[in-house]
There are 2 protein chains.
Amino acid sequence: MAMTLIDILLGRRLANREQGDQKIGWFAGVPAMGLDGLGSSSYGPEAALTVLIPLGAIRLAWIGWVIAPIVALLAILYLSYRQTIRAYPSNGGAYTVARENLGATASLLAAAALMIDYVLNVAVGISAGVGALTSSLPALQPWTLELCLGILAVVALANLRGTREAGWLFAVPTYLFLLSFMGLVGWGLVRMIAAGGHPDPVIAPPAIKHGVEAASLWLLLRAFAAGCTAMTGVEAVSNGVGAFREPVVREAHRTLTVICVTLGLLLAGIAVVAQGYRLGAMDQTTPGYQSVLSQLTGAIAGHGALYYVAMASVLAVLCLSANTSFVGFPRICRLVALDGYLPRGFAVADRRLVFSVGVVFLTVTAGMLLLAFGGITDRLIPLFAVGAFLTFTVSQIGMVVHWHKQGPRKQEGRNAGRLAINALGAVTTAVALGVILAAKFVEGAWIVVLAVPAIMALLVAIHLYYTRLSERMAARQPFSIDETDAPTVLVTYEERNRLTDRALRFAMTLSPDVLAVHLLRLGGPEQEEDVRAIHARFDEEVAAPLIAAGRAPPRLVLVPAPYREIEGPLLELVDRIDNDTPGRSVAILIPELVLRHWWQRLLHSRRSAKLRNALLAHAGPRLMVISSPWRS
Amino acid sequence: MAMTLIDILLGRRLANREQGDQKIGWFAGVPAMGLDGLGSSSYGPEAALTVLIPLGAIRLAWIGWVIAPIVALLAILYLSYRQTIRAYPSNGGAYTVARENLGATASLLAAAALMIDYVLNVAVGISAGVGALTSSLPALQPWTLELCLGILAVVALANLRGTREAGWLFAVPTYLFLLSFMGLVGWGLVRMIAAGGHPDPVIAPPAIKHGVEAASLWLLLRAFAAGCTAMTGVEAVSNGVGAFREPVVREAHRTLTVICVTLGLLLAGIAVVAQGYRLGAMDQTTPGYQSVLSQLTGAIAGHGALYYVAMASVLAVLCLSANTSFVGFPRICRLVALDGYLPRGFAVADRRLVFSVGVVFLTVTAGMLLLAFGGITDRLIPLFAVGAFLTFTVSQIGMVVHWHKQGPRKQEGRNAGRLAINALGAVTTAVALGVILAAKFVEGAWIVVLAVPAIMALLVAIHLYYTRLSERMAARQPFSIDETDAPTVLVTYEERNRLTDRALRFAMTLSPDVLAVHLLRLGGPEQEEDVRAIHARFDEEVAAPLIAAGRAPPRLVLVPAPYREIEGPLLELVDRIDNDTPGRSVAILIPELVLRHWWQRLLHSRRSAKLRNALLAHAGPRLMVISSPWRS
């Protein structure tokens with residue numbers, strides 16, 4: 001078969017047995033599942049420092065108090081999710097853990113929270129990346145929305161080709177970002193030690209303005225809540241375990257370790273270096289605004305080639321952090337669909353073994369968010385992180401129940417320790433969720449608080465629909481035959497040609513009772529003449545040769561169609577036949593011309609196809625529709 | 001049945017017998033078919049005067065020499081078309097006349113010319129109207145294109161409801177325009193006579209600049225060619241005779257008379273009044289530009305309420321002159337389609353007895369023209385009128401041949417007179433066509449010269465397609481039966497439910513040879529277990545009860561589908577069966593769930609419908625596709 005456009009865009013169709021080939025290892029897993037978590041290190045510390053701006057220079061003394069609990073929380077999450085991956089090596093997402101341990105409602109809560117966060121992550125990641133790009137290159141400013149949608153399209157297409165290729169496509173910027181900033185932070189620390197705490201920056205960061213407020217617990221809590229955005233995406237690995245190759249647990253653990261350790265090091269390192277080099281966040285509306293990472297790179301390495309490489313990797317990682325959602329969202333939707341809470345299309349692997357309905361749905365939803373907000377991040381950020389921490393909490397509580405249930409059976413001591421770790425995780429993430437909700441409620445978190453139950457209600461409604469349908473479809477009696485006579489077969493007939501010849505022949509092999517139905521579209525006095533002519537022609541052309549061959553010919557029936565639509569009169573005829581021959585089915589046979597080229601659609605009215613669809617839609621209990629295709 | 005959105009927008013479905021009700025008389029015919037011709041009186045004289053601008057004030061002495069032959073030509077056309085209408089009272093368009101008298105090629109020439117002119121008329125009329133509107137109200141300038149497309153949509157919708165309603169909708173501005181300008185010109189003539197030739201204008205027209213050229217034949221010919229745009233649309237009545245109620249010829253004649261007489265009076269009157277009041281055309285790019293009709297109204301009646309009523313009627317008539325095309329274009333396309341030169345959809349009357357494919361096609365084509373030219377008239381005008389005069393000429397030549405053929409038989413004297421009139425018409429319109437082509441060739445008429453043969457080639461290609469198809473479809477042998485055995489019926493089967501029960505029952509009434517086909521979508525080692533389980537379940541649930549009832553059960557066939565698409569493996573199975581049982585057809589029966597609500601489409605994958613379409617598209621010579629619909 002020749003390469004089609006689809007083949008070129010999406011790659012060749014893959015067989016089921018190629019499933020294994022599509023699995024990834026830890027090296028591809030880090031970009032595929034860690035971009036969200038790692039990319040957020042570029043805005044998490046900055047968001048925390050921004051909240052602290054009213055403190056003035058003293059904020060640098062406090063940033064440690066904000067970042068330290070975030071890193072501690074990250075460590076707890078790391079340990080918790082290691083346990084989750086081991087306990088659920090096939091798929092350890094919050095949805096599965098909650099469903100198996102806490103029941104359907106909790107699992108739908110986790111699913112709704114996850115879906116919201118995945119969609120938000122796409123919109124926020126891409127718009128933040130494009131925002132950073134356009135603030136470096138103001139000439140691109142008018143194209144913000146177009147750039148956002150263009151990047152979305154590229155990411156979506158890469159994911160429609162499949163995870164493996166997408167993983168490699170995203171690996172370069174990820175590892176470039178990690179190397180650049182691990183190196184920068186490390187070199188900054190060395191110089192700090194050499195200079196005894198406060199080295200001279202290569203390029204001095206902007207001076208920090210005087211403070212207008214004293215530190216308060218509420219301010220620190222808000223800074224903490226803002227900084228917690230750095231942790232979104234940590235759950236992606238547990239949710240995507242199914243994508244790893246064997247040994248699954250080891251590859252997933254390695255991926256999680258690389259992500260969490262580098263994220264933790266980056267967060268802690270940025271906090272320390274910011275203090276040493278006196279880097280404060282700036283209000284984004286200030287002219288000459290520089291992000292914390294831009295200040296940091298300038299202070300440590302100056303504005304040479306390394307600066308541009310590092311900043312380009314930030315842009316790329318931010319834009320591509322959307323990819324984490326493209327891995328996670330279709331997987332969670334597939335699981336929910338397999339349980340009957342989402343349309344089944346979400347669970348169907350396409351030609352590339354990708355769950356493309358989920359990919360497309362995510363693309364469309366995120367695209368609509370980008371369109372609605374014009375590609376501007378600021379209004380979306382407060383909605384962010386609520387879903388992630390809701391997921392964390394539900395997942396940890398589920399794991400606590402899991403260990404509790406397992407406990408009495410075996411390894412009581414080890415399981416008690418595991419239970420303790422997950423309980424600690426549950427309590428800390430719940431507290432963090434409370435802080436985030438309180439700190440961000442008015443700014444937009446309330447939208448998520450409303451959206452989560454709305455989505456849960458929709459999922460339940462879908463489930464109810466499928467359950468009721470399958471109840472109605474269930475065969476309750478043993479299989480039996482209630483009719484044995486061949487059906488009455490109606491053949492739509494206008495004039496004799498090879499199509500109708502073929503249709504009549506086929507009808508006569510199906511049943512001895514065949515009617516050729518001719519629709520009269522005219523009205524008025526000319527009709528009677530027509531009727532005679534049509535009968536005479538049919539008798540001569542069809543009936544006579546059959547009678548001569550000793551076979552009973554089909555009967556010709558003329559049906560007036562005064563409104564030019566033909567399905568109505570046909571269905572009336574079917575009703576009449578149903579009344580005359582109760583217990584016998586009626587089959588309508590429609591000769592259909594097969595069109596081989598797209599342009600033929602312009603030359604044919606597709607009346608047969610329209611009639612077939614109309615009859616199927618109006619279908620009575622004993623009606624069958626037969627198409628006899630004829631290739632010209 | 002409840003009113004749907006379609007019912008509200010387009011009106012209720014009409015029966016064939018209501019055909020007569022939709023016919024119009026002369027009073028509705030004038031707006032329906034005359035808007036184009038009458039509206040062009042507002043730009044015809046202006047276009048001629050614009051060409052004469054280089055002459056300075058002397059142009060007013062020459063305008064009579066330009067308008068007089070145009071009025072004379074109009075009179076000749078009037079007489080010619082009266083004869084055409086009487087000779088072809090069912091449909092006297094150039095296409096019919098040419099086909100009956102000159103053959104297929106000439107008729108396609110007329111058809112192509114007519115189609116081009118109808119499409120151009122829509123674009124030119126609407127954009128000229130909107131141009132006049134926005135030069136009165138400059139605030140609307142930025143919305144030019146949107147206004148054009150909005151008016152196009154309104155006109156199209158009115159025409160999709162049907163001619164009768166559209167006729168009345170357009171009657172008010174037409175008759176308002178006629179009354180206003182007949183009154184204005186009449187009153188202007190009275191004042192001219194009273195003042196002895198040159199009355200004082202109420203509001204003085206702008207002074208006429210000095211001339212830079214002397215009058216030359218070439219300039220006068222170019223002015224004549226420009227003024228000929230006033231005659232476009234005169235053929236509309238002859239082309240739309242079929243829309244008139246009985247007595248057709250009388251109503252059509254009256255309509256043609258009203259249109260031609262008022263158009264002639266307006267043209268002549270405007271020329272005389274322009275001379276008396278010294279109204280010269282202005283360059284449209286001059287600041288403070290005023291159209292000739294605006295100058296005329298101001299000079300005769302001042303800038304009172306009458307001025308605004310008259311100018312509003314000009315705007316309305318220009319915009320709605322597009323309507324003439326909406327009456328004519330679908331009719332000519334229908335005739336061409338009935339002869340097999342256009343897709344048959346053009347000849348199908350819709351729920352409102354309108355040939356809506358033509359209406360929609362015209363709307364889309366004209367909309368694309370408006371989009372391509374941004375709603376700006378200037379570039380379209382030179383293309384205009386070529387088509388109309390080409391049509392006139394072909395039609396008159398056809399009529400000459402018509403009288404020539406009829407001549408010897410009866411009324412020789414009268415027919416000779418008629419032949420003379422049409423011959424005069426043919427010669428004069430041919431000369432005018434030559435002048436128009438020469439004068440406008442470089443400015444854009446060459447596009448029409450290229451487009452006409454291109455469209456003719458397309459029409460011929462379509463005709464060739466239909467002819468060849470109908471040859472291939474023609475049944476050459478007498479009807480005979482070549483097979484008598486019932487076909488092998490394959491039923492797609494996944495698990496037992498009421499759908500599959502029903503499908504199997506139906507299959508068993510059609511043929512003793514029924515196969516339940518179960519597709520295996522898995523690959524790998526788990527398959528063998530599955531295969532056993534599926535067989536066991538089928539034996540228990542379906543086969544056992546049938547055997548107990550003494551009937552032969554369907555056979556279960558498992559087909560692997562490694563690429564998750566199911567039509568490929570199914571068609572391979574069909575091929576195998578075809579080889580095993582030559583001469584017997586194969587029918588594939590697909591149980592199908594009927595969806596009753598639009599939202600159900602989101603919840604079902606429509607796999608059955610997709611499979612059915614794929615099988616129909618791949619159809620082999622002995623394959624039938626049976627759908628057994630089931631309503632939940």
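Draft legend 1. Seen up close, the overall build of chain A. On a plain count of helices and strands, chain A comes out with 22 helices and five strands. Counting across all 632 residues of chain A, residues that qualify as buried make up 55%. The long-range share in chain A, meaning contacts at least 24 apart out of those at least 6 apart in sequence, stands at 80%. Total accessible area computed for chain A in this model is approximately 26500 Å², and 64% of it derives from carbon and sulfur atoms.

Draft legend 2. Expanded view of the interface of chain A and chain B. Counting residues at the interface gives 84 residues for chain A, matched by 84 residues for chain B. With both sides pooled, the region where chain A packs onto chain B buries about 6800 Å², and carbon together with sulfur makes up 61% of that total. On the surface where chain A and chain B come into contact, there are zero salt bridges. The interface formed by chain A and chain B contains 18 residue pairs in polar contact (both at pLDDT 80 or more). Only α17 (412–473), α18 (498–510), α19 (526–548), β4 (586–594), α21 (600–603), α22 (607–618) and β5 (623–631) of chain A provide two or more residues apiece to the side of chain A that touches chain B. With ten residues, the top contributor of residues to the side of chain A that touches chain B is α18 of chain A. Classifying every residue of the side of chain A that touches chain B gives 45 nonpolar, 15 polar and 24 charged.

Draft legend 3. Main features of the relation of the copies chain A and chain B. Expressed as a screw operation, the relation of chain A to chain B combines 0.0 Å of axial shift with a rotation of 180°, fitting to an RMSD of 0.1 Å. Taken together, the rotation and translation describe the operation of a two-fold axis. Among all residues of chain A, the minimum C-alpha distance to the rotation axis is found for Ile626 of chain A, at 2.1 Å. Interface residue correspondence from chain A to chain B reaches 100%, placing this contact among same-surface, isologous pairings.

Draft legend 4. Geometry of the packing of helix α4 (residues 59–87) of chain B against helix α16 (residues 386–406) of chain B. Residue and element names in this part refer to chain B. Packing of α4 against α16 leaves a shortest axis separation of 11 Å and a crossing angle of 55°. As far as their axial angle goes, α16 and α4 are oblique. Seen along the crossing, α4 lies across α16 with a hand that is left-handed. Side by side, α4 and α16 meet where Leu73, Leu77, Ser80, Tyr81, Gln83, Thr84 and Ala87 of the first sit next to Phe389, Phe392, Ser395, Gln396, Met399, His402 and Trp403 of the second.

Draft legend 5. Representation of the pattern of salt bridges in the model. Under the definition given, this model contains 14 salt bridges over all chains. Between Asp339 of chain A and Arg99 of chain A there is a salt bridge; the shortest N-O distance is 2.3 Å. With Asp339 of chain A in the loop between α14 (322–338) and α15 (356–372) and Arg99 of chain A in helix α5 (residues 94–102), the pair connects residues that are 240 residues apart, well separated along the chain. Take Asp339 of chain A: its relative accessible area is 25%, and that puts it in the partly exposed class. The partly exposed category is assigned to Arg99 of chain A, whose relative accessible area is 32%. Note that Arg496 of chain B is salt-bridged to Asp501 of chain B, the shortest N-O span being 2.8 Å. Asp501 of chain B shares its class with Arg496 of chain B; the two are buried. Taken together, the salt bridges that share partners define one network made up of Arg99, Glu100 and Asp339 of chain A.

Draft legend 6. Seen up close, a positive patch on the surface. Where like charges cluster on the molecular surface, the positive patch consists of Arg468 and Arg472 of chain A together with Arg596 and Arg631 of chain B. Of note, Arg631 of chain B is situated in strand β5 (residues 623–631).

Draft legend 7. View of the environment of Ala439 of chain A. Residue and element names in this part refer to chain A. Here Ala439 lies in helix α17. Judged by relative accessible area, which is 12%, Ala439 ranks as buried. Sequence separation between Ala439 and Gly425 is 14 residues, and the spatial gap between their C-alpha atoms is 21 Å. Once you skip the residues sitting within four places of it in the chain, Ala439 turns out to touch Trp218, Arg222 and Ala225.

Draft legend 8. How the structure looks around the packing of aromatic side chains. Counting across every chain of the model gives 22 aromatic pairs over all chains. Ring centres of Phe177 of chain A and Phe181 of chain A lie 5.2 Å apart, and the angle between their planes is 45°; this geometry places the pair in the tilted category. Here Phe181 of chain A and Phe177 of chain A lie together in helix α8 (residues 163–195), a separation of four residues that amounts to about one turn. Across this residue pair, the class does not change: Phe177 of chain A and Phe181 of chain A are buried. Considering the side-chain rings of Phe389 of chain B and Phe392 of chain B, the 5.0 Å spacing of their centres and the 75° angle between planes classify their relative orientation as edge-to-face. Within this pair, Phe389 of chain B and its partner Phe392 of chain B are both found in helix α16, separated by three residues, close to a single helical turn.

Draft legend 9. Structural view of the side chain of Asn159 of chain B. Residues and elements named next belong to chain B. Note that Asn159 resides in helix α7 (residues 144–161). On the basis of relative accessible area, Asn159 is assigned to the buried category, the value being 5%. A polar contact of 2.9 Å, which involves the side chain of Asn159, links it to the backbone oxygen of Val155.

Draft legend 10. Spatial organisation of the pairing of β5 of chain A. Residues and elements named next belong to chain A. With eight of its nine residues buried, β5 lies for the most part within the structure. Here β4 pairs with β5 via nine bridges, running parallel. From the neighbouring strand, Val594 faces β5, where its bridge partner is Arg631.

Draft legend 11. Seen up close, the confidence of the model for chain A. All names here are of chain A. The share of residues in chain A with pLDDT of 70 or more is 90%, and the mean pLDDT across the chain is 83. Element-level pLDDT for chain A is lowest in helix α1 (residues 5–10), with a mean of 59, against a maximum mean of 91 in strand β1 (residues 488–492). Predicted complex metrics record ipTM = 0.75 and pTM = 0.74.

Draft legend 12. Examining helix α20 (residues 567–580) of chain A more closely. For α20 of chain A, with 14 residues, the first-to-last C-alpha span of 20 Å sits near the 20 Å given by 1.5 Å per residue. Among the residues of α20 of chain A, Pro569, Leu570, Leu571, Leu573, Val574 and Ile577 of chain A are the ones counted as buried.

Draft legend 13. Main features of the packing of helix α11 (residues 248–277) of chain B against helix α12 (residues 292–301) of chain B. All names here are of chain B. Orientation of α11 relative to α12, taken along the N-to-C sense of each, is 60°, at an axis distance of 11 Å. Overall, the two elements α11 and α12 adopt an arrangement that is oblique. The handedness of the crossing between α11 and α12 is left-handed. Every residue of α12 that contacts α11 at Ile270, Val273 and Tyr277 is listed here: Val292, Leu293, Leu296, Ala299 and Ile300. For the contact of α11 with α12, the residue count by class is eight nonpolar, no polar and no charged.

Draft legend 14. Geometry of the sheet that holds strand β4 (residues 586–594) of chain B. With mixed pairing, the ten strands of this open sheet are ordered in space as β3(A)-β2(A)-β1(A)-β4(A)-β5(A)-β5(B)-β4(B)-β1(B)-β2(B)-β3(B). Either end of the sheet is taken by a strand with one partner, and the two such strands are β3 (555–560) of chain A together with β3 (555–560) of chain B. Averaged over all pairs of adjacent strands, the angle between their axes in this sheet comes to 30°, without regard to strand direction. Contacts from α22 of chain A reach β1, β4 and β5 of chain A together with β4 and β5 of chain B within the one sheet, and its direction differs from that of β4 of chain A by about 150°.

Draft legend 15. Structural view of unusual backbone geometry. Residue and element names in this part refer to chain A. Glu246 connects to Pro247 through a cis peptide bond whose omega is -10°. Turning to its location among the elements, Pro247 is positioned in the loop between α10 (236–239) and α11 (248–277). Although it is not a glycine, Arg278 adopts a positive phi angle of roughly 55°. With respect to the secondary-structure elements, Arg278 resides in the loop between α11 and α12 (292–301).

Scoring rules and cut-offs
Residues numbered from 1 in each chain as written. Chains lettered and ligands numbered in written order. Predicted model: local features only at pLDDT ≥ 70, side-chain atom pairs only at ≥ 80, totals over all residues. Heavy atoms only, no water. Helix = DSSP H or I, 4+ residues; strand = E, 2+ residues; numbered from the N terminus. Buried < 20%, exposed > 50% of the residue type's maximum accessible area, 1.4 Å probe, protein only. Contact = heavy atoms within 4.5 Å. Areas by Shrake-Rupley, 256 points an atom, 1.4 Å probe, with all protein chains shown as cover. Buried area = accessible area lost by both parts, 1.4 Å probe. Salt bridge = Lys/Arg side-chain N within 4 Å of Asp/Glu carboxyl O. Polar contact = N/O pair within 3.5 Å; in protein donor to acceptor, adjacent residues only side chain to side chain. Nonpolar A, V, L, I, M, F, W, Y, C, P; charged D, E, K, R; others polar. Least-squares fit on C-alpha atoms with pLDDT ≥ 70 in both. Axes fitted to C-alpha atoms, helices over the stretch in contact; angles between N-to-C directions. Parallel < 35°, antiparallel > 145°, perpendicular 65-115°, else oblique. Left-handed = near helix turned anticlockwise from the far one by under 90°. Patch = residues over 30% accessible without salt bridge, like charges linked within 9 Å, V, L, I, M, F, W, Y side chains within 5 Å. Lys, Arg positive; Asp, Glu negative; His and termini not counted. Charge placed at Lys NZ, Arg CZ, Asp CG, Glu CD. Phe/Tyr/Trp six-rings, centres within 6.5 Å; stacked < 30°, edge-to-face > 60°. Pairing = 2+ DSSP bridges. pLDDT = per-residue confidence, 0-100. Expected span 1.5 Å × (residues − 1).

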